[in-house]
Amino acid sequence: MPVDAHAAAASTPHVPGLPAAPPLPIPAPAPVPTPAAAAAVPASGPQPPQTSALERILRGPSGIGTSGLHLEQPKSAPRTGDPIPGLYHHPVPEPDPLRVEQVGLGIKAWAVDEVQLYPPEWEDQFDGFSIGRYMVACHPEAPTVDHVMIAARLMAAENAVDDCYCEDHGGSPVGLGSRLLLAHTALDPLHTTPEYQPVWAESLQADAPRRAYRSAMDYFTRAATPSQSDRFRHDMARLHLGYLAEAAWAETDHVPEVWEYLAMRQFNNFRPCPTITDTVDGYELPADLHALPATQRVIALASNATTIVNDLYSYTKELASPGLHLNLPVVIDSREECGDREGYLKAVEVHNDLMHAFEAEALALAAACPAPPLLRFLRGVAAWVDGNHHWHQTNTFRYSLPDFW
Ligand SMILES: CC(C)=CCC/C(C)=C(/C)COP(=O)(O)OP(=O)(O)O
Ligand SMILES: [Mg+2]
């Protein structure tokens, strides 16, 4: 089913203070090709009740999860799969199992048959990552499985680049800039002379990260408007800049100050995932609304909160990995010399403050600029935040909590 971004863009109201945007001359996107395993499956099966994320934002801090406002000592240690005690979050229902299975089959078929993403010995880790559960939880409003697949392929590709270029599947800080730049051309193509174009095109097949980026981007751009694709390329350039700063510090065993770490993590960040929510849901947040400083702030706060969630849930995994792996608890402990438990609990508070700021700023933006695609986008970002927490909390294959309670 083609994503009807054109119709959504055409009905966008004028934003006070901004010149009216001319109608966008967007050609109707081609249908998204469907992997055999997930062929043209519409949304079906029982849909768990979803609390409107924006409703919760509009309700303010008296909503679900505000018991996490203060870091109270829990009566007992969390059990496997429990949320981090005191972490401000919104519980969501378990994602629709039928859709999870369909996306899971589709992403595996794509990974194995279309891009040869991983060798057989990494299959357990690919399966344990549970991309299907992750993406269905994060995109509850996606109209079809094919729409969720757009996000799932990008998620798989982004993790392949992180694992194979930067981290524990052969990655290294040495030479990372070159690898990232060449992979970035799978998203933002090289335009050069006929002599050099073919050898560049050939290079996009040279390794799994580049094959995955190229293919996932191809599916994405067929569903997205040019403006949405450009937004995504920009967010991916931000991500790659963040990887490079992290690598530069790793090369010299440098532990940054806390604010410096937070700046790096704002770029080495989940941001490219929530910002495609409009494409995945089948409409467009027009570029002028996306570019508003207030929208940019909401996106950054939400994305930063989701990324600190990763730092907290992956803390024990990263402690067990070789070398010093930076995350917010580790950097706070190191720089503020407060001990590992205090560092962790302070990182929870930083996360909670980011979440509250995100929700307050989203509420203010929604009130100041109630354009329907912007409200829908804010709902989509909030849903991504909640789904991301749910996946981290419940992915006990990858993550376990420290013994701090
Ligand atoms: C955009 C995207 C999904 C990139 C993956 C890497 C990233 C920016 C994260 C926020 C994941 O963090 P991390 O590399 O620490 O992941 P694990 O802790 O290993 O799960
Ligand atoms: Mg992590």
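In the annotation of an unreviewed UniProt entry, the protein chain is listed under the name Terpene synthase and assigned to Kitasatospora camelliae. Under the Catalytic activity (unreviewed entry) heading, UniProt states for the protein chain: "(E)-2-methylgeranyl diphosphate + H2O = 2-methylisoborneol + diphosphate". Note on the protein chain: under the UniProt heading Cofactor (unreviewed entry), the record states "Mg(2+)".

Some remarks on the overall build of the protein chain
For the protein chain, the helix and strand inventory stands at 18 helices and 0 strands. Considering only intrachain contacts with a sequence separation of at least 6, the fraction spanning at least 24 residues in the protein chain is 79%.

Observations concerning unusual backbone geometry
Of note, the phi angle at Asp253 is positive, near 50°, even though the residue is not glycine. Of note in the backbone geometry, Glu337 takes a positive phi value of approximately 45° without being a glycine. Mapped onto the elements, Glu337 comes out in the loop between α16 (328-336) and α17 (340-368). Using a count of 9 C-beta atoms within 10 Å as the deciding quantity, one classes Glu337 as exposed.

Points about helix α6 (residues 145-166)
Note on helix geometry: an α-helix contains 3.6 residues per turn, so any two residues three or four positions apart are oriented the same way. The end-to-end C-alpha distance of α6 is 30 Å, a good match for the 32 Å that 22 residues give at a rise of 1.5 Å each. Counting buried positions along α6 gives 18 out of 22 residues, so the element sits mostly inside the fold.

Describing the nonpolar core
By size, the foremost hydrophobic cluster in this structure holds 96 residues, and its most contacted members are Met135, Val148, Ala151, Ala152 and Ala156. Top contributing element to this core by residue count: α6, with 15 residues.

Points about the site of ligand 1
The immediate surroundings of ligand 1 are formed by 13 residues, with Glu158, Asp162, Thr307, Asn310 and Ser314 found nearest. Put simply, the parts of the chain that give the shell around ligand 1 at least two residues each are α6 and α14 (293-313). Residue composition of the shell around ligand 1, grouped by class: 5 nonpolar, 6 polar and 2 charged.

Comments concerning the confidence of the model for the protein chain
Confidence in the prediction for the protein chain averages 86 pLDDT; 81% of positions are at 70 or higher. Note that pLDDT drops below 50 for residues 1-71; the model gives that stretch 121 contacts with residues more than four away or on any other chain. As scored by the predictor, the complex reaches a pTM of 0.84 and an ipTM of 0.99.

Quick word on the environment of Gly177
Relative to the helices and strands, Gly177 is located in helix α7 (residues 176-184). Its 14 C-beta neighbours within 10 Å are what place Gly177 among the partly exposed residues. Along the chain, Gly177 and Pro286 lie 109 residues apart, while their C-alpha atoms are 32 Å from each other.

What about α14?
With 21 residues, α14 extends 30 Å between its outermost C-alpha atoms, agreeing within 8% with the 30 Å of an ideal straight helix rising 1.5 Å per residue. Counting buried positions over the 21 residues of α14 gives 15, a clear majority of the element.

Topic: the packing of α17 against helix α18 (residues 372-394)
Running from N to C, α17 and α18 cross one another at 165°; their axes reach a closest spacing of 10 Å. One finds that α17 runs roughly antiparallel with respect to α18. Viewed along their axes, α17 and α18 form a crossing whose handedness is left-handed. Contacts between α17 and α18 involve Ala362, Leu365 and Ala366 from the former and Leu375, Leu378 and Ala382 from the latter. Residue classes in the contact of α17 with α18 are distributed as 6 nonpolar, no polar and no charged.

Observations regarding the environment of Arg231
Assignment of secondary structure puts Arg231 in helix α10 (residues 226-251). Here the alpha-carbon distance between Arg231 and His290, two residues 59 residues apart in the chain, equals 8.9 Å. Beyond its immediate chain neighbours, meaning those up to four positions away, Arg231 contacts Thr275 and His290.

Some words on the environment of Pro85
Relative to the helices and strands, Pro85 is located in the loop between α2 (53-59) and α3 (97-114). Owing to 19 C-beta atoms within 10 Å, Pro85 belongs among the partly exposed residues under this scheme.

The rules behind each value
Throughout, residues of each chain are indexed from 1 in the direction in which the sequence is written. Following the order in which they are written, the chains are lettered starting with A and the ligands numbered starting with 1. Selection of residues for local features in this predicted model requires a pLDDT of at least 70, selection of side-chain atom pairs for listing and counting requires 80 or more, and totals for whole chains, interfaces and linings are taken over all residues. UniProt positions are given in the numbering used here, feature names are shortened, and annotations may be inferred rather than shown by experiment. Strands are runs of DSSP state E lasting at least two residues, helices are runs of H or I lasting at least four, and both sets are numbered from the N terminus onward. By the convention adopted here, residues make contact when the C-beta atoms placed from their backbones lie within 7 Å. Any residue whose C-beta has 12 or fewer other C-beta atoms within 10 Å is treated as exposed, any with 20 or more as buried, and any in between as partly exposed, C-beta atoms being built from the backbone. An expected span of 1.5 Å times one less than the residue number is assigned to each helix. The term nonpolar core means buried Ala, Val, Leu, Ile, Met, Phe, Trp, Tyr and Cys residues held together as one set by C-beta atoms within 7 Å. For each residue, a C-beta atom is positioned from the backbone; the residue is called near a molecule or strand if that atom sits within 6 Å of it. The nonpolar class holds Ala, Val, Leu, Ile, Met, Phe, Trp, Tyr, Cys and Pro. Asp, Glu, Lys and Arg form the charged class, and all remaining residues, Gly among them, are polar. On a scale of 0 to 100, pLDDT captures the predictor's confidence in every residue. The convention used is that axes are lines fitted to C-alpha atoms, helices contributing only their stretch in contact, and that angles between N-to-C directions extend from 0 to 180 degrees. In this scheme, roughly parallel covers angles under 35 degrees and roughly antiparallel covers those over 145, while 65 to 115 is roughly perpendicular and the rest are oblique. Crossings are classed by handedness, with left-handed meaning an anticlockwise turn of the near helix from the far one by less than a right angle and right-handed meaning a clockwise turn.

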